[in-house]
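One letter stands for each residue in the lines below.
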Amino acid sequence: MCGVCGCGGGINPGTHEHGHDHGHHDHDHTTGDHHHDHEGFHEHVGPDGAVIRHSHEHDHSPGHAHDHGHDHDHGHGADEAGKSRLLRVEQDILAKNNAYAAANRELFAAAGVFAVNLMSSPGAGKTTLLVRTLTDLKGRHPATVIEGDQQTSLDADRIRATGVPAIQVNTGTGCHLDALMVTRAVGRLGLPPESLLFIENVGNLVCPAGFDLGEAKRVVVLSTTEGEDKPLKYPGMFAGADLLLVNKIDLLPYVTFDVGRMIGYARRIKPGLQVLEVSATTGAGLTAWYDWLAGGLDAAHRRRGHHDH
């Protein structure tokens, strides 16, 4: 069960699960400002990236007795009212997240920061790719990293070993980062002006697609050890991508993965999607990836100039 969006089950109103960050081995467990509500709802993200929240409210006042096993017809009117309320709640959830995302985007624009949201399924090689990228670009562009995982600071430790500042955000049972988590992390991490900000999301091809973090671009990493039909199974993720990185191409001789077919599936979901084939292990194709990042950073610099004027 996700403690952030509730996919797979309801949020327990008696708990206060919230994302917290771990930067430089300190912990933030603030309790005054949770990033989600506990109002008898649970929510999940559909395969198209839409956030859906359901009400499970009951009257538990003294003298109220009910049988949860009863079976009766609430009627068409009740169904329509429920759908209407569901839509309003869904819009409210997205509006709150989008407000933080907009503030993040404004902050990044003012600082000339190129923020990239890195997303993939677990094991696609995001962290290895990021470590290689930061190592190769060291001295060329200032960079910072926000690492999202349910538990541990292992990935942030790997990033910090390259000399790049990083902060770990542990989501607990949450299956994705949200914009408020990024707001808090940036506040503690600090952002050098005209720099790269990599936000490595929790490994998941469903829920991260539904939450804007304020990033400039979304990059999806898909490895050759995964199924080539992933774009068709998780269309919301690929529909929102600005770049698809096909990672671990060094393993192509050893796996039955048809790159062309996978790209065809991805472009069926999003025509014209830019695709780069890379290997974080051998370095193959990484020059094109670095050029893409440099182009995004140049654009961020120009936007900063316009923002200042």
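Below is a summary of the structure that appears in this document.

About the cut-offs
Residues numbered from 1 in each chain as written. Predicted model: local features only at pLDDT ≥ 70, side-chain atom pairs only at ≥ 80, totals over all residues. Heavy atoms only, no water. Helix = DSSP H or I, 4+ residues; strand = E, 2+ residues; numbered from the N terminus. Buried < 20%, exposed > 50% of the residue type's maximum accessible area, 1.4 Å probe, protein only. Phe/Tyr/Trp six-rings, centres within 6.5 Å; stacked < 30°, edge-to-face > 60°. Polar contact = N/O pair within 3.5 Å; in protein donor to acceptor, adjacent residues only side chain to side chain. Arc of directions from axis to C-beta. Contact = heavy atoms within 4.5 Å. Salt bridge = Lys/Arg side-chain N within 4 Å of Asp/Glu carboxyl O.

Here we look at unusual backbone geometry
Here is step 1: Its identity as a non-glycine residue notwithstanding, Thr 152 has a phi of 70°, on the positive side.
Here is step 2: For Thr 152, the location among the structural elements is in the loop between β6 (143–149) and α3 (154–160).
Here is step 3: The exposure class of Thr 152 is partly exposed, given its relative accessible area of 41%.
Here is step 4: With a phi close to 65°, Lys 248 is a non-glycine residue in the positive phi region.
Here is step 5: Examined against the element boundaries, Lys 248 turns out to sit in the loop between β10 (243–247) and α7 (259–269).

Looking at the packing of aromatic side chains
Here is step 1: Across all of its chains, the model carries two aromatic pairs by this definition.
Here is step 2: Seen from their ring centres, Phe 114 and Trp 292 are 5.7 Å apart, and the 55° between their planes marks the pair as tilted. Highlighted residues: Phe 114 in strand β5 (residues 114–120) and Trp 292 in helix α8 (residues 286–308), separated in sequence by 178 residues.
Here is step 3: Assessed through its relative accessible area of 2%, Phe 114 is described here as buried.
Here is step 4: Ring centres of Trp 289 and Trp 292 lie 5.7 Å apart, and the angle between their planes is 15°; on these two criteria the pair is classed as stacked. Of this pair, Trp 289 and Trp 292 both sit in helix α8, separated by three residues, roughly a single helical turn.
Here is step 5: Among the residues examined, Trp 292 registers a relative accessible area of 15% and is labelled buried.
Here is step 6: Ring-pair connections join several aromatic residues into one group, and the members of that group are Phe 114, Trp 289 and Trp 292.

Digging into the side chain of Asn 170
Here is step 1: Take Asn 170: it is sitting in strand β7 (residues 166–170).
Here is step 2: The exposure class assigned to Asn 170 is buried, which follows from its relative accessible area of 4%.
Here is step 3: Among the polar contacts listed, one links the side chain of Asn 170 to the backbone oxygen of Asp 149, at a separation of 3.3 Å.
Here is step 4: One polar contact links the side chain of Asn 170 to the main-chain carbonyl oxygen of Thr 152, over a distance of 2.9 Å.

With respect to α7
Helical geometry: 3.6 residues make up each α-helical turn, so side chains three or four residues apart lie on a common side.
Here is step 1: All of the buried residues in α7 are Val 259, Met 262, Ile 263, Tyr 265 and Ala 266. Seen along its axis, α7 keeps its buried residues to an arc of 160°; they face one direction.
Here is step 2: Buried-residue contacts for α7 involve β9 (217–223), α5 (230–233), α6 (235–239), β10 and β11 (274–277).
Here is step 3: Capping the start of α7 is the job of one residue whose side-chain oxygen sits 3.2 Å from the backbone nitrogen of Gly 260: Asp 258.

Observations regarding the pattern of salt bridges
Here is step 1: Inspection of every chain in the model, using the stated rule, returns nine salt bridges.
Here is step 2: Here Arg 160 ties to Asp 157 by a salt bridge, and the two come within 2.9 Å at their closest N and O atoms. Placement of the pair is Arg 160 and Asp 157 together in helix α3, with a separation of three residues, close to one helical turn.
Here is step 3: For Asp 157, a relative accessible area of 30% puts it in the partly exposed group.
Here is step 4: The shortest N-O distance in the salt bridge between Glu 228 and Arg 261 comes to 3.1 Å. Residue Glu 228 is located in the loop between β9 and α5, and its partner Arg 261 is located in helix α7; the two are separated by 33 residues in the primary sequence.

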